[in-house]
Amino acid sequence: MACSSNSSMLCFSLSPSTNSSLVKSETCCFSFRFRNPGVGSLQSSLVSSNFSPLNGSGTCSLNSGRMLSRVVASSTQTMDQSPSKTSSKDPTIVEVDLGNRSYPIYIGAGLLDEPGLLQRHVLGKRVLVVTNTTIAPIYLDKVVHALTYKNVNVTVESVILPDGEKYKNMETLMKVFDKAIESRLDRRCTFVALGGGVIGDMCGYAAASYLRGVNFIQIPTTVMAMVDSSVGGKTGINHPLGKNLIGAFYQPQCVLIDTNTLNTLPGRELASGLAEVIKYGLIRDAKFFEWQEQNMQALMARDPDALTNAIKWSCENKAEVVSLDEKESGLRATLNLGHTFGHAIETGFGYGQWLHGEAVAAGMVMAVDMSCRLGWIDDSIVKRVHKILQQAKLPTAPPETMTVDMFKSVMAVDKKVADGLLRLILLKGPVGNCIFTGDYDRKALDETLHAFCKS
């Protein structure tokens, strides 16, 4: 795909080739050529130490070529120290390359029954497991066993928080600090997040803040956390005026994804997580989106191979972007397709009333509608987005109680606002292409809001 000659925009493309080479054009277009790009093993070298995803105009464009950094997805032999092994094969490992802060994402069935995976990432002798009232009765004992099996020097504490987005706040976060201080945990301790996105975000933020930073491990138990929130180091809590406005970028030591934990995941939570899976295909991976269209029924039926493939493919996408733009200076913002509208729904409608993925799904429909109104995509993409979200049993419109004014007031304090300008992630071109920009006709935004709101 050709790069726009407009010097105020960055675009990225990937073309199959027989060699791996990096070509820099005179128009700020980076082209990556790899043999057989896709779901399989991915490995390349870092683009440039001076890479800047955003230029002065605040616009970043990304196409379906899928930018690749030093990301490795491969199978590896692992130590089995457990009394009984329930996984049928060795885990897949996706590496998030951040120099000396790089870490692995382990993906596989029965990984909580392989103590060696967890224990190799615990540096000190004290561990604090942060979980919630839903997950603790099911998996807390299993995780404690994995941390302590043939490892008598490790002491494990736990704190069990109330479950739900409405508890993702400072008051609940203080319970983690209370437990850590009461237990006299030192700087060599490790926090372990056992649960979904809320637990992962709060545990990570607690780890980033406690004693000015201690190690932590992510053990996600929802599709949402597995494919998105556990990867990349975004941590934080909500504020009554906006979602995730308080937080830090803080990377884990590892992410351990035991796909067996999805066996106990409610159907509504499963669908919610698939919204983020769909997002990856829309913004940067057309082949992944086409695969989803063909396999959504299998994903909804919890087919193990389909779910594992979707998780792996999503983690590869997320890891590639994080490796290039850890602190969201531009490129990483493209992962937020539908989130500006979605966060407004969560805040305006009430935290926890809709699941995050449900709000993002409706937000993606609104972003796609706006993209079409701007003339950046054709109507066939709008129809495909509606169809796949309906197949995933996700909403395609915001709650009826949401008004135009509610959207605008919450979106005004969105994290992507810069110098008073609301920047949005919108689709532009074929599926797999998106743009992060504040340069759009405000009339299109108003038309979209009025099309989806009664007032």
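Residues numbered from 1 in each chain as written. Predicted model: local features only at pLDDT ≥ 70, side-chain atom pairs only at ≥ 80, totals over all residues. Heavy atoms only, no water.

Visitor: Would you mind showing me how to read the overall build of the protein here?
Guide: Counting secondary structure elements, the protein contains 13 helices and 18 strands. Across the 455 residues that make up the protein, the buried fraction comes to 58%. In the protein, 74% of the contacts between residues at least 6 apart in sequence involve partners at least 24 apart. Carbon and sulfur atoms make up 49% of the accessible area of the protein, which totals about 18,100 Å². (Helix = DSSP H or I, 4+ residues; strand = E, 2+ residues; numbered from the N terminus. Buried < 20%, exposed > 50% of the residue type's maximum accessible area, 1.4 Å probe, protein only. Contact = heavy atoms within 4.5 Å. Areas by Shrake-Rupley, 256 points an atom, 1.4 Å probe, with all protein chains shown as cover.)

Visitor: Please explain the state of the cysteines as it appears in this structure.
Guide: One way to say it: the disulfide is the covalent bond shared by the sulfur atoms of two cysteines. Counted by the stated rule, this structure contains zero disulfides. Looking at the unpaired C189, the closest cysteine sulfur is the one in C203, lying at 9.9 Å. Using a relative accessible area of 0% as the deciding quantity, one classes C189 as buried. (Disulfide = S-S within 2.5 Å.)

Visitor: Sorry, what's going on with the environment of S323 here?
Guide: Position of S323 among the secondary structure elements: in helix α8 (residues 304–324). Classification of S323 by relative accessible area gives buried; the value is 11%. For the pair formed by S323 and G99, sequence separation is 224 residues and the distance between their alpha carbons is 8.9 Å. Within polar-contact distance, the side chain of S323 engages the backbone nitrogen of D97 at 3.1 Å. (Polar contact = N/O pair within 3.5 Å; in protein donor to acceptor, adjacent residues only side chain to side chain.)

Visitor: Just checking my understanding: could you explain the pairing of strand β18 (residues 434–437) for this structure?
Guide: Along any regular strand, the residues point their side chains to alternate faces of the sheet. What you see with β18 is no split at all: C434 and F436 on one side and I435 and T437 on the other are buried throughout. In the sheet, strand β17 (residues 424–427) pairs with β18 via four bridges, with the strands oriented antiparallel. Paired with L424 across the two strands is T437, which belongs to β18. Between the end of β17 and the start of β18, which pair antiparallel, lie six residues, with G429 showing a positive phi angle near 100°. (Pairing = 2+ DSSP bridges.)

Visitor: Would you explain the pattern of salt bridges in this entry?
Guide: Pairs can form between side chains of opposite charge once their charged atoms are near each other. For the structure shown, the criterion picks out 21 salt bridges. For K243, the salt bridge is made with E165, and the minimal N-O distance between the two is 2.5 Å. Linking K243 in strand β13 (residues 242–249) with E165 in the loop between β9 (155–161) and α3 (170–182), this pair joins segments that are 78 residues apart in sequence. The exposure class of K243 is buried, given its relative accessible area of 5%. Residue classification places E165 among the buried residues on the basis of a relative accessible area of 13%. In this structure, the salt-bridge partner of E328 is K234, at a minimum N-O distance of 2.4 Å. Of the two residues, E328 sits in the loop between α8 and α9 (339–349) while K234 sits in strand β12 (residues 234–239), which places them 94 residues apart along the sequence. Here the residues in one salt-bridge network are D228, E276, K279 and K318, joined through shared partners. (Salt bridge = Lys/Arg side-chain N within 4 Å of Asp/Glu carboxyl O.)

Visitor: Looking at this structure, I do not really get the packing of aromatic side chains. What am I missing?
Guide: Here a ring pair, both rings aromatic, is described through the centre-centre distance and the interplanar angle of the planes. Counted by the stated rule, this structure contains seven aromatic pairs. Three or more aromatic residues joined by ring pairs make a cluster, and in this case those are F288, W291 and W313. Over the ring of Y280 we find K279, and its NZ or CZ is 4.4 Å from the ring centre. One cation-aromatic arrangement involves R442 over Y440; the distance from NZ or CZ to the ring centre is 3.9 Å. (Phe/Tyr/Trp six-rings, centres within 6.5 Å; stacked < 30°, edge-to-face > 60°. Lys NZ or Arg CZ within 6 Å of the ring centre and 35° of its normal.)

Visitor: What exactly am I supposed to notice about helix α2 (residues 136–148) here?
Guide: Residues spaced three or four apart along an α-helix point in a common direction, a consequence of the helix completing one turn every 3.6 residues. Along its 13 residues, α2 runs 17 Å from first to last C-alpha, staying within 8% of the 18 Å computed at 1.5 Å per residue. Here α2 has its buried residues at A136, Y139, L140, V143, A146 and L147. Burial along α2 is one-sided: seen end-on, the buried residues are contained in an arc of 130°. The outward face of α2, more than 90 degrees from its buried face, is lined by the exposed residues P137 and D141. Residues of α2 that are buried sit in contact with α1 (115–119), β8 (126–132), β9, β10 (190–195) and β11 (215–220). Within two residues after α2, K150 carries a phi angle of roughly 55°, on the positive side. (Expected span 1.5 Å × (residues − 1). Arc of directions from axis to C-beta.)

Visitor: Just checking my understanding: could you explain the nonpolar core for this structure?
Guide: Counting residues in each nonpolar core, the largest one holds 86 residues, and the members touching the most others are I105, I278, F341, M370, L389, F407 and L445. Ignoring anything within four residues of it in the chain, the contact list for F341 reads G363, M366, A367, M370, F407, M411, L445 and L449. (Core = buried A, V, L, I, M, F, W, Y, C linked by side-chain atoms within 4.5 Å.)

Visitor: Explanation requested: the confidence of the model for the protein in the structure shown.
Guide: Detailed conclusions should not be drawn from predicted coordinates in areas where pLDDT is low. Summary statistics for the protein give a mean pLDDT of 84 and a share of 80% for residues scoring 70 or more. Throughout residues 1–57 the model reports pLDDT below 50, and contacts reaching past four residues in sequence, or to other chains, amount to 125 contacts. Within the model, pLDDT remains below 50 along residues 65–88, and this stretch shows 95 contacts once partners closer than five positions in the same chain are excluded. (pLDDT = per-residue confidence, 0-100.)

Visitor: Would you take a moment to explain the packing of helix α6 (residues 267–284) against helix α10 (residues 356–373) for this structure?
Guide: Helix packing geometry: the angle between the two helix axes and the distance between the axes. Packing of α6 against α10 brings their axes to within 7 Å, and their N-to-C directions diverge by 40°. Classified by the interaxial angle, the pair formed by α6 and α10 is oblique. For the crossing formed where α6 meets α10, the hand is left-handed. Facing α6, whose interface residues are R268, S272, A275, E276, I278, K279 and L282, α10 presents H356, G357, E358, V360, A361 and M364. Residue composition of the contact of α6 with α10, by class: six nonpolar, three polar and four charged. (Axes fitted to C-alpha atoms, helices over the stretch in contact; angles between N-to-C directions. Parallel < 35°, antiparallel > 145°, perpendicular 65-115°, else oblique. Left-handed = near helix turned anticlockwise from the far one by under 90°. Nonpolar A, V, L, I, M, F, W, Y, C, P; charged D, E, K, R; others polar.)

Visitor: What is the right way to look at the pairing of strand β7 (residues 103–108) in this model?
Guide: Burial analysis of β7 places six of its six residues in the buried class, which makes it a mostly covered element. Where burial is concerned, the two faces of β7 agree: the one with Y103, I105 and I107 and the one with P104, Y106 and G108 are both buried. Pairing analysis gives five bridges linking strand β6 (residues 92–96) to β7, with the strands arranged antiparallel. For I93, the partnering residue across the bridge sits in β7 and is Y106.

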